[in-house]
Amino acid sequence: MEYIAEYYDCNHLTYDKIYEEVVKLALKQLNITLKNSDSINNSIITISGKNIYAKRSNPEHSRTIIIRKKDDVNDKIICIVGITNTSYDEDKQNEGGKYVYGKKDYHANTYLSQGINKIFEKYLDLIKSNDNRLFFYLLDTEKPDNTYVYNKTNIINYRLLETLGFHILNIDKINFSKYNSFFTSSIDSNNLKYTSFSKLINDITRLNSNNSGNNPSYIKEYEDKGEVIYYYMCKVLSAQQYDNFLKIWTLKTLARNEGKTLNIIFYKEKYNYRKNDSIPKETKNMTKSLESIIKKLNIEFEIIKDDKLKYEKDDYRKHRKKNDIRNQTLLKNNLINSGRKKECSLCGNNIDDILEVSHILGVSKINDLTDADINKFPPDFINDILIDNSNREDVFNKKYSLANCEDNAIWLCANHHKLYDSNKYHICSNGKIEVSEEESSEIKEYLKDHKSISCKISDRMKKFLELANN
Ligand SMILES: [Zn+2]
């Protein structure tokens with residue numbers, strides 16, 4: 001039997017080095033055993049274009065190796081393997097090209113996400129069924145672990161692909177153990193699939209908080225007539241669109257499995273390619289290529305075009321009318337999007353059903369603050385957290401903002417929350433846990449292993465802790 005690895009001439013020097021391994025791994029995945037008499041050969045497709053760059057921009061091109069079985073008149077396609085981008089591109093070097101990837105100006109999403117639409121398109125054009133005969137293969141895994149192969153954005157993307165059923169053939173080359181403090185649940189190369197919507201949300205928001213300069217997409221949840229509805233604020237500027245494409249596809253899949261409602265909101269973004277342009281441009285919609293791939297994949301989702309969430313404003317008005325500064329949903333959304341690890345700050349428990357958002361400075365204490373008390377907060381502190389920026393002097397607005405600010409919140413399990421709210425212990429402004437001498441011995445015993453809270457204490461959080469202890 002002859003197996004053929006087919007790829008384009010603009011990638012051939014790079015893929016010549018890996019095609020045999022790729023074919024072996026893919027066949028193994030499909031439970032096809034290679035016999036001694038079998039052979040693996042390559043077949044290089046010439047694609048039009050005056051040089052490698054033009055060839056790679058040709059719509060026909062994709063970063064794929066198409067594996068065929070040569071057994072009859074039609075070489076039957078067995079599967080397709082999507083290949084990542086590489087810094088050590090043999091073909092480009094051969095043409096005198098210089099790669100800057102891996103240096104400061106490199107964007108990690110170019111490694112896997114950019115071009116992923118072409119891989120999926122090739123797959124859908126050639127294999128018109130959804131039986132998971134698309135695999136991926138990572139280049140440069142042998143390079144140092146500070147390269148983009150090991151960047152958290154890509155690590156999450158590997159997990160998204162695996163969750164969606166697209167196996168990465170050489171995923172065992174990645175050592176996942178060093179990411180275990182980052183992810184909500186510990187993982188290894190055999191155990192990468194996201195099994196829970198909320199764990200994926202948690203990892204996405206944690207990743208976002210690491211990339212604050214980039215301001216990526218984020219999620220909010222609201223309760224409407226007793227049902228929780230999730231909103232994913234989706235940004236699609238340049239490479240973000242492909243990262244987001246994998247994220248929303250996976251989120252939609254998990255939400256559907258769990259009976260959750262998830263809406264995708266298209267988020268307008270200002271951008272300006274040339275610094276001298278004074279008028280910023282705005283993203284208007286999903287890009288054509290994203291729209292086309294979503295349609296081809298038959299993913300059920302509709303993107304709502306709205307740059308501001310109307311719900312948030314209505315919610316504020318409602319609370320204002322009732323003079324009610326407590327808004328647990330807003331507090332929770334703010335805490336989720338702060339990216340703080342979603343686990344009890346005392347015991348580390350991360351079971352969703354018993355994890356709660358606790359105020360540091362309680363709502364009743366905030367209600368009791370006088371104007372003079374509020375003026376003791378540094379002005380930029382209040383300005384930074386104000387919910388309604390048009391109404392800076394309004395006392396309700398200030399109290400509402402204080403009550404629902406992420407720095408006034410910590411994750412606690414139900415037990416530690418209850419004990420905190422009933423003053424069985426308090427958290428010092430340096431994070432130390434203090435149990436009063438007068439407490440019962442069973443309370444002391446229950447809390448004895450928790451010396452301080454696990455999350456990092458911001459300056460604002462410190463202020464809330466100080467006030468809470470007064
Ligand atoms: Zn706990």
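Each chain has its residues counted from 1, following the order in which its sequence is written. Residues qualify for local features only when their pLDDT is at least 70, as the model is predicted, and side-chain atom pairs are given and counted only at 80 or more; totals for whole chains, interfaces and linings, by contrast, use all residues. To obtain the side-chain values, all non-hydrogen atoms of the structure were used and water was disregarded.

Please explain the state of the cysteines as it appears in this structure.
Here, the word disulfide means a covalent bond between the sulfur atoms of two cysteines. For this text, the term disulfide refers to a pair of cysteine sulfurs within 2.5 Å. Taken as a whole, this structure holds zero disulfides when the rule is applied. Distance from the sulfur of cysteine 455, which forms no disulfide, to the nearest cysteine sulfur (cysteine 344) is 9.8 Å.

Looking at this structure, how should I read the pattern of salt bridges?
Two side chains that carry opposite charge are able to pair once their charged atoms sit near each other. What makes a salt bridge here is a side-chain nitrogen of Lys or Arg within 4 Å of a carboxyl oxygen of Asp or Glu, nothing more. In total, this model carries 21 salt bridges according to the counting rule given. Among the salt bridges present, the one from aspartate 384 reaches arginine 460, with a minimum N-O distance of 2.8 Å. A residue pair is termed long-range when its members are at least 10 positions apart, and aspartate 384 in helix α15 (residues 379–385) and arginine 460 in helix α19 (residues 459–469) qualify at 76 residues. Two residues, lysine 398 and glutamate 393, come together in a salt bridge whose shortest N-O distance is 3.5 Å. Its relative accessible area of 64% is what places glutamate 393 among the exposed residues. Several salt bridges converge on common partners, so that one network encompasses Asp384, Asp407 and Arg460. Only DSSP runs of H or I with at least four residues qualify as helices, and only runs of E with at least two residues qualify as strands; both kinds are numbered from the N terminus onward. Exposed residues in this analysis have more than 50% of their type's maximum accessible area, buried residues have under 20%, and partly exposed residues fall in between, with area computed by a 1.4 Å probe over protein chains only.

For this particular structure, what's the right way to read the side chain of histidine 450?
As for its placement among the helices and strands, histidine 450 is situated in the loop between α18 (441–447) and α19. Polar contacts here mean pairs of N or O atoms no more than 3.5 Å apart (in protein, one a potential hydrogen donor and the other a potential acceptor; neighbouring residues in sequence count only if both atoms are side-chain atoms). Engagement of the side chain of histidine 450 in a polar contact is seen with the backbone oxygen of leucine 346, the distance being 3.3 Å.

In this structure, what is going on with the environment of cysteine 428? I would like to understand it.
Locating cysteine 428 in the fold gives a position in the loop between β14 (426–427) and β15 (433–434). The class for cysteine 428 is buried, based on a relative accessible area of 14%. C-alpha separation for the pair cysteine 428 and leucine 465, spaced 37 residues apart in sequence, amounts to 6.5 Å. Contact definition: two residues touch when any of their heavy atoms are within 4.5 Å. Those residues in contact with cysteine 428, other than ones at most four positions away along the chain, are Glu434, Leu465 and Asn469.

In this structure, what is going on with the nonpolar core? I would like to understand it.
Across soluble globular proteins, you tend to see nonpolar side chains buried next to one another. In terms of nonpolar packing, the biggest core is built from 105 residues, with Phe120, Phe136, Tyr158 and Phe245 touching the most fellow members. It is helix α9 (residues 240–257) that contributes the most residues to this core, eight residues altogether. Beyond its immediate chain neighbours, meaning those up to four positions away, phenylalanine 245 contacts Ile116, Phe120, Leu290, Ile293, Ile294, Leu297 and Ile299. Counting 21 residues, the second-largest nonpolar core is a separate cluster that includes Ile18, Ala26, Ile65 and Phe135. Only buried residues count toward a nonpolar core, which is a set of Ala, Val, Leu, Ile, Met, Phe, Trp, Tyr and Cys residues joined through side-chain atoms within 4.5 Å.

I tried to follow the coordination of the zinc ion on my own but got confused; where do I start?
Tetrahedral coordination by four donors sets the ideal angle at the metal to 109.5 degrees; octahedral coordination by six donors sets it to 90 or 180 degrees. Nitrogen, oxygen and sulfur within 2.8 Å of a metal are treated as its donors, or within 3.2 Å for sodium, potassium and calcium (Na, K, Ca); water is not counted, so a site can appear incomplete. All of the protein donors around the zinc ion are Cys344 (SG), Cys347 (SG), Cys413 (SG) and His416 (ND1); their distances to the metal are 2.1 to 2.3 Å. A four-donor site is classed as tetrahedral when every donor-metal-donor angle falls between 85 and 135 degrees; four donors are called square planar, and six octahedral, when trans pairs exceed 155 degrees and all remaining angles lie between 65 and 115, with any other arrangement labelled irregular. Taken together, the four donor atoms coordinating the zinc ion and their angles of 95 to 116° define a geometry best described as tetrahedral.

Please clarify how the packing of α9 against helix α10 (residues 288–297) should be interpreted in this entry.
Packed helix pairs are specified by the crossing angle of their axes together with the interaxial distance, meaning the distance between the axes. Axis separation between α9 and α10 bottoms out at 11 Å; the angle between their running directions is 25°. Regarding the angle of α9 to α10, the classification is roughly parallel. Viewed along their axes, α9 and α10 form a crossing whose handedness is right-handed. Seen from α9, the contacting residues are Gln241, Tyr242, Phe245 and Trp249; seen from α10, they are Ser289, Leu290, Ile293, Ile294 and Leu297. Under the convention adopted here, Pro, Cys and the residues Ala, Val, Leu, Ile, Met, Phe, Trp and Tyr are nonpolar, Asp, Glu, Lys and Arg are charged, and Gly plus all remaining residues are polar. Partitioning the contact of α9 with α10 into residue classes produces seven nonpolar, two polar and no charged. For helices, the axis comes from a line fit to the C-alpha atoms of the stretch in contact; other axes are also lines fit to C-alpha atoms, and the angle between any two N-to-C directions lies between 0 and 180 degrees. Here roughly perpendicular refers to angles of 65 to 115 degrees, roughly parallel to angles under 35, roughly antiparallel to angles over 145, and oblique to all remaining angles. Crossing handedness is defined as follows: a turn of the near helix away from the far one that is anticlockwise and smaller than a right angle gives a left-handed crossing, while the clockwise case is right-handed.

Looking at this model, I keep getting lost on the sheet that holds strand β1 (residues 2–8). Mind explaining?
In a beta sheet, neighbouring strands are held together by backbone hydrogen bonds and run either parallel or antiparallel to one another. DSSP calls a pair of strands paired once it identifies at least 2 bridges connecting them. The five strands are arranged β2-β1-β3-β4-β5 in an open sheet whose pairing can be described as mixed. Two strands close off the open sheet at either side, each with one partner strand: β2 (39–45) and β5 (134–137). The sheet shows a mean angle of 30° between the axes of neighbouring strands, taken without regard to direction. By the bridge criterion, six bridges tie strand β3 (residues 64–70) to strand β4 (residues 76–83) in an arrangement that is antiparallel. In the strand pairing of β4, threonine 64 is matched with glycine 82.

Sorry if this is basic, but what is going on with α10 here?
One turn of an α-helix holds 3.6 residues; hence residues three or four places apart share an orientation. Taken residue by residue, α10 has Leu290, Ile293, Ile294 and Leu297 as its buried positions. Down the axis of α10, the buried set is contained in an arc of 100°. They therefore lie on one face. Relative to its buried face, α10 has exposed residues pointing more than 90 degrees away, namely Lys288 and Lys295. The elements touched by buried residues of α10 are α6 (116–126) and α9. At the C-terminal side of α10, asparagine 298 shows a positive phi close to 60°. Each C-beta atom gives one direction from the helix axis, and the arc is the one those directions make.

What exactly am I supposed to notice about empty space enclosed by the protein here?
Where empty space is left can be seen by rolling a probe of water-molecule size over the atoms. A cavity, in this analysis, means grid points on a 1 Å lattice covering only the protein atoms where a 1.4 Å probe fits yet has no way out; a pocket is instead an open set bounded by protein on both sides within 12 Å along at least five of seven lines, and a residue lines either one if it has an atom within 4 Å of a point. Grid points are joined across faces, edges and corners, and a volume is the space filled by probe spheres set on the points. All told, the structure shown has two cavities of 30 Å³ or more when counted by the stated rule. In this model, the largest cavity occupies a volume close to 50 Å³. Every residue along the wall of the largest cavity is listed here: Thr184, Ser198, Lys199, Asn202, Lys342, Asn350 and Asp352. For the lining of the largest cavity, the class distribution of residues is no nonpolar, four polar and three charged. Mapped onto the domain boundaries, the lining of the largest cavity takes at least three residues apiece from domain 2 (194–307) and domain 3 (327–469). What fixes the domain bounds is an automatic or database domain assignment.

Before we go on, may I ask you to explain the packing of aromatic side chains in this structure?
How two aromatic rings sit relative to each other is given by the distance of their centres and the angle of their planes. Pairing of aromatic rings covers Phe, Tyr and the six-membered ring of Trp, with a centre-to-centre limit of 6.5 Å; geometry is then stacked below 30 degrees between planes, edge-to-face above 60, and tilted otherwise. A complete count under the given rule lists 21 aromatic pairs for this structure. With centroids separated by 5.8 Å and ring planes inclined at 55°, the aromatic side chains of phenylalanine 166 and tryptophan 249 adopt a geometry described as tilted. Placement of the pair is phenylalanine 166 in the loop between α7 (152–163) and α8 (197–210) and tryptophan 249 in helix α9, with a sequence separation of 83 residues. Assigned by exposure class, phenylalanine 166 and tryptophan 249 land together as buried. Feature note: the residues Phe120, Tyr123, Phe136, Phe166, Phe245 and Trp249 constitute an aromatic cluster, connected by ring pairs. By definition, being over a ring means that NZ of Lys or CZ of Arg is both within 6 Å of the ring centre and within 35 degrees of the ring normal. Here lysine 143 stacks its cationic end above the ring of tyrosine 88, 4.3 Å away from the centre of that ring.

Help me understand helix α12 (residues 328–338), please; the structure alone is not making it clear to me.
If you check which residues of α12 are buried, you get Leu330, Leu331, Asn333, Asn334, Leu335, Ile336 and Ser338. Phi for glycine 339, located one or two positions after α12, is positive at around 80°.

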